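Structure assessment
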Amino acid sequence: MNQFVKITLNTGREGSVLRRHPWVFSGAVKNVEGNPVEGQTVEIFTTDRQWLARGSYSSKSQMRVRILSWDLDEHIDEDFFKRKIASAIALRKSVPGYGETNAFRMIFGESDGLPGVIADCYDNYLVCQFLSAGAEFWKDTIVKELMAQWPCTGIYERSDTDSRTKEGLPERVGLLAGKAAPELIEIHEGQQKFLVDVYKGHKTGFYIDQRLNRAKLADFCEGKEVLNAFSYTGGFGIAASLGKAARITNVDTSKESLDLAAQNFALNNTNSEQVEYMQSDVFNLFRTYRDSRKQFDVIILDPPKFVASAGQLAGGTRGYKDINLLAFKLLRPNGILFTFSCSSHVKPDLFQKIVADAAVDAGRDASVIDFLAQGPDHPVALGFPEALYLKGLVCLAK
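These lines cover the structure that appears in this document, whether it is placed above or below. What you see is a predicted model, and the numbers here were worked out from it, not measured in a lab.

**Things to note about the packing of aromatic side chains**
Within the structure shown, the criterion is met by 20 aromatic pairs. Relative to Phe104, the ring of Tyr98 lies with its centre 5.6 Å away and its plane at 65 degrees, an arrangement referred to as edge-to-face. Among the aromatic residues, ring-to-ring pairing joins Phe230, Phe283, Phe306, Tyr320 and Phe351 into one connected group. Across the ring face of Phe194, the terminal group of Arg214 is positioned such that the distance to the ring centre comes to 5.7 Å. Looking at Lys294, its charged tip hangs above the ring of Tyr289, at a distance of 6.0 Å from the centre.

Rendered as structure tokens:
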């Protein structure tokens, strides 16, 4: 297990490593000296024997090595993970607004120097994902350090994503430490309150990356009729309600999500007569609204990931354009569109072009009045631009 394993890169493929990008793809690897097990720490060298970095090895992933350190004197051991977790916690405590919520991302993978590791805090529970061979290899150590540095009631694993499959790892869910969480955990974002299902909810249970964007939405909603599309458990709808919206329509394909949304509106003491729940395909319902000439003052589009890989880019961009085109057609004059993409393959400039083309095809003159992204608890390491996955635009349609 402790044998030295040397990864030699092909000539000219060291550039990204020198720029502190944490991924070494299989095509960059010239040869492997040794027999590493999945997740084992390996040393990376140039063809002329210059040491570059060390990281976790995966024989099954296209990301053959995920770099952990560029410091020759830094060893990958328990103390390494202790330092990284402490640094991640300190960063979250320094973020403005930290004390206004009890739900945030504590560890964000590569941007916190822990590739493939996600840890989300929901009140007194942590929900973790271990999405790479290296994360799986060091899982017990990471869980032990999390409990030591952030004493909580329990840590639950939600490693049930496609990322595990790409690493050749089976999906895993279950209790890792402490006591099991209740069926629903109550969290708050300022005055907004939500019930979170960490067992069956999307991702780790809730879209905590949208916290600041929900707060911004409230400022546009007083007296307005709001359409919250892909509403999940009502996050943006709750923000609209606290922003004194006149009426809110939540649309999602999942009855379970809408049922939990109704509980969330009740939790926030929203007048039930102001809120409507529509279980429907958003595209189909938008076309029905268009044909009946129904319109809204504010529309939120927060769809699931339309582009999960580079091969899906063409089809996914068509999906983004179609739904934004329909939204522009449903907006009243001087209406507001909050539109998002969580697909990392759709870069911010491409997303803006898609939305701009949709406005033109809808016959609307629109302007971007704000640019949105994930919150600061989802930092973006400068050498790892892929961490900027969530991008959003606030558009005024004249």
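**Notes on the state of the cysteines**
Counted under the stated rule, the structure contains zero disulfides. Between Cys128, a cysteine without a disulfide, and Cys152, which holds the nearest cysteine sulfur, the sulfur-to-sulfur distance is 8.3 Å. Classification of Cys128 as buried rests on a relative accessible area of 1%. The thiol of Cys152 is unpaired, and the distance to the nearest cysteine sulfur, on Cys121, comes to 7.7 Å.

**Side note on the packing of helix 9 (residues 282-291) against helix 10 (residues 313-330)**
Where helix 9 meets helix 10, the axes come as close as 10 Å, and the angle between the chain directions of the two elements is 30 degrees. In this view, helix 9 runs roughly parallel relative to helix 10, as classed from their interaxial angle. Two packed elements cross with a definite hand, and for helix 9 against helix 10 that hand is left-handed. Taking contact as the criterion, the partners of Val282, Phe283, Phe286, Arg287, Tyr289 and Arg290 in helix 9 are, on helix 10, Gly319, Asp322, Ile323, Leu326, Ala327, Lys329 and Leu330.

**Brief notes about the side chain of Gln129**
Positionally, Gln129 belongs in strand 9 (residues 125-130). Only 3.2 Å separates the side chain of Gln129 from the backbone oxygen of Arg158, close enough to count as a polar contact. Setting aside residues up to four positions removed in sequence, Gln129 forms contacts with Gly116, Val117, Ile118, Arg158, Ser159, Thr161, Lys203 and Thr204.

**Some remarks on helix 2 (residues 78-94)**
For helix 2, which comprises 17 residues, the first-to-last C-alpha distance of 25 Å matches the rise-based estimate of 24 Å (1.5 Å per residue) to within 8%. Buried residues of helix 2: Phe80, Phe81, Ile85, Ala88, Ile89 and Arg92, and no others. Looking down the long axis of helix 2, one finds its buried residues gathered within 160 degrees of arc, a one-sided arrangement. For helix 2, the elements touching its buried residues are strand 6 (63-69), strand 7 (103-108) and helix 4 (139-149). At the N-terminal boundary of helix 2, the capping side chain belongs to Asp77, with an oxygen 3.2 Å from the backbone nitrogen of Asp79.

**Some remarks on the sheet that holds strand 7**
Read across the sheet, five strands follow the order 7-8-9-10-11 without closing on themselves; strand pairing throughout is mixed. One side of each edge strand has no neighbouring strand; the edge strands of this open sheet are strand 7 and strand 11 (172-178). Geometrically, the sheet is characterised by an average inter-axis angle of 20 degrees between neighbouring strands, direction not taken into account. Both strand 10 (residues 154-159) and strand 11 contribute to a ladder of six bridges, which runs antiparallel. Bridging from a neighbouring strand, Gly154 pairs with Gly178 of strand 11.

Reading guide: rules and limits
Residues numbered from 1 in each chain as written. Predicted model: local features only at pLDDT ≥ 70, side-chain atom pairs only at ≥ 80, totals over all residues. Heavy atoms only, no water. Phe/Tyr/Trp six-rings, centres within 6.5 Å; stacked < 30°, edge-to-face > 60°. Lys NZ or Arg CZ within 6 Å of the ring centre and 35° of its normal. Disulfide = S-S within 2.5 Å. Buried < 20%, exposed > 50% of the residue type's maximum accessible area, 1.4 Å probe, protein only. Axes fitted to C-alpha atoms, helices over the stretch in contact; angles between N-to-C directions. Helix = DSSP H or I, 4+ residues; strand = E, 2+ residues; numbered from the N terminus. Parallel < 35°, antiparallel > 145°, perpendicular 65-115°, else oblique. Left-handed = near helix turned anticlockwise from the far one by under 90°. Contact = heavy atoms within 4.5 Å. Polar contact = N/O pair within 3.5 Å; in protein donor to acceptor, adjacent residues only side chain to side chain. Expected span 1.5 Å × (residues − 1). Arc of directions from axis to C-beta. Pairing = 2+ DSSP bridges.

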